[in-house]
Structure formats: C-alpha cells, structure tokens
Amino acid sequence: PGPGRIGVVSFTVAGLHPHEVAHTLSEQEIMVRSGHHCCMPLMDHLGLPEGTVRASLHVYSSEGDVDRLVEAVQGVAGGD
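Residues numbered from 1 in each chain as written. Predicted model: local features only at pLDDT ≥ 70, side-chain atom pairs only at ≥ 80, totals over all residues. Heavy atoms only, no water.

(A) Local environment of the overall build of the protein. Summing up its helical and strand segments, the protein has 3 helices and 3 strands in all. Dimensions of the protein, computed from C-alpha atoms along their principal axes, come out at roughly 35 × 30 × 20 Å. Expressed as a percentage of its 80 residues, the buried residues of the protein come to 24%. In the protein, of all internal contacts separated by at least 6 residues, the share reaching a separation of at least 24 is 52%. By element, 55% of the accessible surface of the protein is carried by carbon and sulfur atoms, the whole surface being about 5700 Å². Distance between charge centres in the protein, computed from 4 positive and 10 negative side chains, equals 11 Å. (Helix = DSSP H or I, 4+ residues; strand = E, 2+ residues; numbered from the N terminus. Buried < 20%, exposed > 50% of the residue type's maximum accessible area, 1.4 Å probe, protein only. Contact = heavy atoms within 4.5 Å. Areas by Shrake-Rupley, 256 points an atom, 1.4 Å probe, with all protein chains shown as cover. Lys, Arg positive; Asp, Glu negative; His and termini not counted. Charge placed at Lys NZ, Arg CZ, Asp CG, Glu CD.)

So, in structure tokens, the structure goes:
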C-alpha cells in the first residue's frame, strides 16, 4: 500500500463478542480474525478486553471484496 493506505483494519461491533462477529462473517464466506492478535497489553490499554475483529487486505483483494465486507459488517451490526 502507498501513502494514506492501510491493509489491515480492526474493529468491534457493539454488544457482540469479536468471536461471534467472526463466526457470522465466516458463514458468509468472509474470512477475518478475532481475538487479541498477540497484543494483549494494547487491547487492555484500549479497553478492549475481548479483543477485536481484524480484516486484512492485500493485492488480491478487490473493491468488491471490500464492499462485501462492509455490507456484511453493517448487517451483523444491525444497520441493514
């Protein structure tokens, strides 16, 4: 990624455990990681004791993949 771009985004969905979010997304064939991502001190510092959901993008990820992720997360969050 060039300047102003990032290939990883971590997030939470209010009221849902990160593992629940990851499982729901995987049922839609959207693969993400959930948990502390080997940085428990950071999660504690940020007040995220259950961790986050992390989506990673790379050169093989398309704009359509990103659109599907955003749409699916909105659905999980109840923002259909």
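(B) Main features of the pairing of strand 3 (residues 52-56). By the bridge criterion, 4 bridges tie strand 1 (residues 8-11) to strand 3 in an arrangement that is antiparallel. By the bridge assignment, Val-8 is partnered in strand 3 with Ser-56. With 3 bridges joining them, strand 2 (residues 33-35) and strand 3 adopt antiparallel strand pairing. Residue pairing for strand 3: Ser-34 is matched across the bridge by Val-53. (Pairing = 2+ DSSP bridges.)

(C) Fine view of the layout of surface pockets. Estimates place the volume of the second largest pocket at around 220 Å³. If you go around the second largest pocket, the residues you meet are Glu-29, Ile-30, Met-31, Val-32, Ala-55, Ser-56, Leu-57, Ser-61, Asp-65, Arg-68 and Leu-69. For the lining of the second largest pocket, the secondary-structure elements that each account for two or more residues are strand 3 and helix 3 (63-76). Considering every element that reaches the lining of the second largest pocket, the biggest residue donor is helix 3, with 3 residues. (1 Å grid on protein atoms, 1.4 Å probe; cavity = no way out; pocket = protein on both sides within 12 Å on 5 of 7 lines; lining within 4 Å. Points joined across faces, edges and corners; volume = space filled by probe spheres on them.)

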